[in-house]
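Now for the letters of each chain:
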Amino acid sequence: MGNTVAREDFEWVYTDQPHADRRKEILAKHPEIKALMKPDYNLIWVVVLMVLAQLTAFYLVKDLDWKWVVFWAYVFGSCISHSMTLAIHEISHNSAFGNSKAMWNRWFGIFANLPLGLPYSISFKRYHMDHHRYLGGDGIDVDIPTNFEGWFFCTRFRKFIWIVLQPFFYAIRPLCINPKPITRLEIINLSAQLAFDVVIYYLWGVKSIFYMLAGSVLGLGLHPISGHFIAEHYMFLKGHETYSYYGPLNLLTFNVGYHNEHHDFPNIPGKSLPLVKKIAAEYYDNLPQYNSWIKVLYDFVMDDTISPYSRMKRQLKGEVKQD
């Protein structure tokens, strides 16, 4: 099962996150990057095609043997589902219709959420904005694991189980760390999702529902794409808070691997983040980076010095404004 890891608490830091200062420096030196701060309208059509692809899959699996339903849920459904969560991530930054049409993005996020089976989009938006504003903020940033996760998932076997159960921790953690009042849009998100699930069950039966839900759970758990959860902010190198990944899975994830670039410029769509890296190469080329999310998952499990505690955490000062 491996040995207990050495770390027994988070890495507490008493400095601000680096992204705001680096953004100012880069914009002063490369003002042309401002031209990339515009919506990615192609995102709309990509999301529509992904929803149609999953609807087609729901129909095709309805009469398959259960073993094939499970097979396709992991091989195809999980990839589409995880990719859709990252499309919703893009939409949460208003990348589909722009900041001037914020509500259009919220409604479109609810639409993109439908083939995932569980309501997600509106709540994710609220918590994700906190993650950007208050990266590592104690009691605010719910991307930071709980103390229980850090304490319990401290052996190789337990860290493996933690990876498998990632979607459950991401769903439950906000309720433990930073519960927020339910909003009208979240109720609409839930109602639309339940109505969609009922229609799918009525039309095509339990196998289609199982395929939908299993694909979401499997895609966000033990899956190559899920390496990004750990690659983004887990501290494999002391003193480095955010890491980028420049491998081929960016093609399926709206370039979420360009994570330093994304935190520096959250209002630039994923499509344009490679251009940010190219323009401001002197700021990014020497930062720690990954070329394999699978290796990140393997190293996280096998390295006894890495655990859910391997995150930078900061005590926030001054006024905290949340969505």
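Everything below is about the structure shown above.
Residues numbered from 1 in each chain as written. Predicted model: local features only at pLDDT ≥ 70, side-chain atom pairs only at ≥ 80, totals over all residues. Heavy atoms only, no water.

Draft legend 1. Fine view of the overall build of the protein chain. When helices and strands are counted, the protein chain shows 15 helices and four strands. Here the C-alpha coordinates of the protein chain stretch approximately 55 × 50 × 40 Å along the principal axes. Of the contacts formed within the protein chain by residues at least 6 apart in sequence, a portion of 79% connects residues at least 24 apart. Summed over all atoms, the accessible surface of the protein chain reaches about 15,400 Å², with 66% contributed by carbon and sulfur. Seen as two clouds, the 31 positive and the 29 negative side-chain charges of the protein chain have centres 4 Å apart. (Helix = DSSP H or I, 4+ residues; strand = E, 2+ residues; numbered from the N terminus. Contact = heavy atoms within 4.5 Å. Areas by Shrake-Rupley, 256 points an atom, 1.4 Å probe, with all protein chains shown as cover. Lys, Arg positive; Asp, Glu negative; His and termini not counted. Charge placed at Lys NZ, Arg CZ, Asp CG, Glu CD.)

Draft legend 2. Quick look at the side chain of Ser244. Residue placement: Ser244 occurs in strand S2 (residues 244-245). In this structure the side chain of Ser244 is engaged in a polar contact, spanning 3.0 Å, whose partner is the backbone nitrogen of Asn260. Here the side chain of Ser244 touches Glu261 through a polar contact of 2.8 Å, side chain to side chain. Beyond its immediate stretch of four places on either side in the chain, Ser244 contacts Gly257, Tyr258, His259, Asn260, Glu261, Pro288, Gln289 and Tyr290. (Polar contact = N/O pair within 3.5 Å; in protein donor to acceptor, adjacent residues only side chain to side chain.)

Draft legend 3. Seen up close, the layout of surface pockets. The calculated volume of the largest pocket comes to roughly 1,300 Å³. The wall of the largest pocket is formed by 41 residues, among which Pro119, Tyr120, Phe124, Tyr170 and Ala171 lie closest to the centre. Residue assignment for the lining of the largest pocket shows that the elements contributing at least two residues are helix H3 (66-92), helix H5 (121-133), helix H8 (166-177), helix H9 (184-204), helix H10 (206-219), helix H11 (227-231) and helix H12 (259-264). For the lining of the largest pocket, the element with the highest residue contribution is H8, accounting for seven residues. Counted by class, the lining of the largest pocket contains 23 nonpolar, twelve polar and six charged residues. By volume, the second largest pocket amounts to about 270 Å³. If you go around the second largest pocket, you meet 14 residues; those closest to its centre are Thr15, Asp16, Arg314, Leu316 and Lys317. Residue composition of the lining of the second largest pocket, grouped by class: six nonpolar, three polar and five charged. (1 Å grid on protein atoms, 1.4 Å probe; cavity = no way out; pocket = protein on both sides within 12 Å on 5 of 7 lines; lining within 4 Å. Points joined across faces, edges and corners; volume = space filled by probe spheres on them. Nonpolar A, V, L, I, M, F, W, Y, C, P; charged D, E, K, R; others polar.)

Draft legend 4. Quick look at the packing of helix H2 (residues 42-61) against H10. Where H2 meets H10, the axes come as close as 8 Å, and the angle between the chain directions of the two elements is 135°. Here H10 runs oblique to H2, going by the angle between their axes. Our pair here, H2 against H10, has a crossing hand that is right-handed. Residues Gln54, Ala57, Phe58 and Val61 of H2 form the contact with H10, whose participating residues are Lys207, Ser208, Tyr211 and Met212. (Axes fitted to C-alpha atoms, helices over the stretch in contact; angles between N-to-C directions. Parallel < 35°, antiparallel > 145°, perpendicular 65-115°, else oblique. Left-handed = near helix turned anticlockwise from the far one by under 90°.)

Draft legend 5. Layout of empty space enclosed by the protein. Tallying each qualifying case throughout the model produces one cavity of 30 Å³ or more. Of the volumes computed, that of the largest cavity is approximately 30 Å³. Taken together, Ile88, Ile91, Ser92, Asn105, Arg106, Gly109, Ser121 and Lys125 make up the lining of the largest cavity. Secondary-structure elements contributing two or more residues to the lining of the largest cavity are H3, helix H4 (102-113) and H5. Of the residues contributing to the lining of the largest cavity, the split by class is two nonpolar, four polar and two charged.

Draft legend 6. Geometry of the pattern of salt bridges. Scanning all chains against the criterion turns up 15 salt bridges. The closest approach of N and O atoms between Asp264 and Arg22, which form a salt bridge, is 2.7 Å. Here Arg22 lies in helix H1 (residues 19-29) and Asp264 lies in helix H12, a separation of 242 residues in the sequence. Owing to a relative accessible area of 0%, Asp264 belongs among the buried residues under this scheme. Overall, Arg22 belongs to the buried group, its relative accessible area being 13%. A salt bridge links Arg133 to Asp130; its shortest N-O distance comes to 3.7 Å. Note that Arg133 and Asp130 are positioned in helix H5 at a spacing of three residues, about one turn of the helix. Residue Arg133 is classed as partly exposed on the basis of its relative accessible area, which comes to 41%. Residue classification places Asp130 among the buried positions, given a relative accessible area of 0%. Among the charged side chains, a network of salt bridges with common partners joins Asp130, Arg133 and Lys180. (Salt bridge = Lys/Arg side-chain N within 4 Å of Asp/Glu carboxyl O. Buried < 20%, exposed > 50% of the residue type's maximum accessible area, 1.4 Å probe, protein only.)

Geometry only, nothing functional implied.
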